[in-house]
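# Residue-level structure breakdown
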Amino acid sequence: MKISEAVFVKSASGPGQYPREPLPEIAFSGRSNVGKSSMLNRLVERKSLARTSSTPGRTRLINFYRVNKSYSFADLPGYGYARVSAQMRQSWKGMVEEYLERRGQLKLVIIIIDLRRGLEEDEAGFMRWLKERGIKSLLVATKSDKLSRSDQIRAAGELKERARAFGIEFEEFSALTGLGRDRIWRHIVQACAGPG
C-alpha cells in the first residue's frame, strides 16, 4: 500500500466525540507494551504519527487517524500493563466496549500480541467477545524479530492454530523489518471492501 496521507484527526472518549467522516474504520487493540504505536507507524510509513513511549499505557483515549483519505484507524487504549487504578481500567473497558458495539463503520479489529508471550487469557477473552458480537478480527503477533527463526516458527504455528479455533486469521509482524506489512494491508483492504 502506497501512503499519500496519514494524519492524526482527534482523540475521543465517547460517541459524541468520534470523527464524523463516514470512512471504513480499522481498530487496533493490544496490551500497552506490544508495540501498537510502532506497528501503526510502520503501516503508514511514518516515524511518529502514533506516539511511542518507554512508559506503557500512555494511550488513555481512542486516537483516530485518517489514511489516504480512504481509511480511518482507531488506536484503542492499551490494557493489562498500565500502572493505573482499577477504576480507571474499568472506565477504559467501558469506553472501548461502547466504541466496538456502536461504531457502525468499524470493519476490522486487529488484535496485537507479543509473539514471545503468546496468546494470554485477556486476548483470548477479547477474541471470544468479538466473535459473539459478529465483529471481524485479525490476530497479529509483533516482535517476531526478537526470536530466533526456529522459535518464531514454533510460536507462530501455535498462534495460527489458536486463531483458527476462533475462526480468524493470523499474521506475524515486525516494525523493525516490515515483515507482514503488505499482508496486513491486504486484510484491511479486503475487510473495507466487504459488505456491512
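Structure first, text after, so check above.
In what follows, the accompanying structure is described.

## So, the overall build of the protein
Check the secondary structure of the protein and you find five helices and seven strands. Across the protein, helices and strands are ordered from the amino to the carboxyl terminus as β-β-α-β-β-α-β-α-β-α-β-α. Burial statistics for the protein: of 196 residues in total, 51% are counted as buried. Sequence separation of 24 or more characterises 75% of the internal contacts of the protein that already satisfy a separation of 6 or more. Looking at the protein as shown, the accessible area adds up to about 10,000 Å², and 48% of this sits on carbon and sulfur atoms.

## Looking at the environment of Ala 27
In this structure, Ala 27 sits in strand E2 (residues 25-30). Considered as a pair, Ala 27 and Ile 110 are 83 residues apart in the sequence and their alpha carbons are 6.1 Å apart.

## Examining the nonpolar core
Soluble globular proteins tend to bury their nonpolar side chains together. Tyr 99, Leu 100, Val 109 and Leu 139 are the most contacted members of the largest nonpolar core, which totals 32 residues. When contributions to this core are tallied by element, the ones reaching two or more residues are strand E3 (62-67), helix H2 (86-102), strand E5 (106-114), helix H3 (121-132), strand E6 (137-142) and helix H4 (149-165). Ranked by the residues each element gives to this core, the list is headed by H3, at five residues. Excluding residues that lie within four positions of it along the chain, Val 109 makes contacts with Ala 27, Ser 29, Leu 100, Phe 126, Leu 130, Ile 135, Lys 136, Ser 137 and Leu 138. Counting residues in each nonpolar core, the second largest holds 26 residues, with Ala 50, Tyr 65, Val 67 and Trp 185 among its members.

## Description of the packing of aromatic side chains
Applying the stated criterion to the full structure yields eight aromatic pairs. Here the aromatic residues Phe 28, Tyr 71, Phe 73 and Trp 185 are joined through ring pairs into a cluster of three or more.

## Let's talk about the sheet that holds strand E7 (residues 169-172)
Strand pairing in a sheet relies on backbone hydrogen bonds. The paired strands run either parallel or antiparallel. Reading across from one edge, E1-E3-E4-E2-E5-E6-E7 is the order of the seven strands in this open sheet, with mixed pairing throughout. Each of the sheet's edge strands pairs with one partner strand only, and the pair in question is strand E1 (6-12) and E7. On average, each strand axis in the sheet is inclined to that of its neighbour by 25°, with strand direction left out of account. Examined bridge by bridge, E5 and E6 share six bridges and lie parallel to one another. In the sheet register, Asp 114 faces E6, and the bridge partner there is Thr 142. On top of the sheet, H3 reaches E2, E5 and E6; it is set at about 165° to E5, its chief contact.

So, how was this worked out
Residues numbered from 1 in each chain as written. Predicted model: local features only at pLDDT ≥ 70, side-chain atom pairs only at ≥ 80, totals over all residues. Heavy atoms only, no water. Helix = DSSP H or I, 4+ residues; strand = E, 2+ residues; numbered from the N terminus. Buried < 20%, exposed > 50% of the residue type's maximum accessible area, 1.4 Å probe, protein only. Contact = heavy atoms within 4.5 Å. Areas by Shrake-Rupley, 256 points an atom, 1.4 Å probe, with all protein chains shown as cover. Core = buried A, V, L, I, M, F, W, Y, C linked by side-chain atoms within 4.5 Å. Phe/Tyr/Trp six-rings, centres within 6.5 Å; stacked < 30°, edge-to-face > 60°. Pairing = 2+ DSSP bridges. Axes fitted to C-alpha atoms, helices over the stretch in contact; angles between N-to-C directions.

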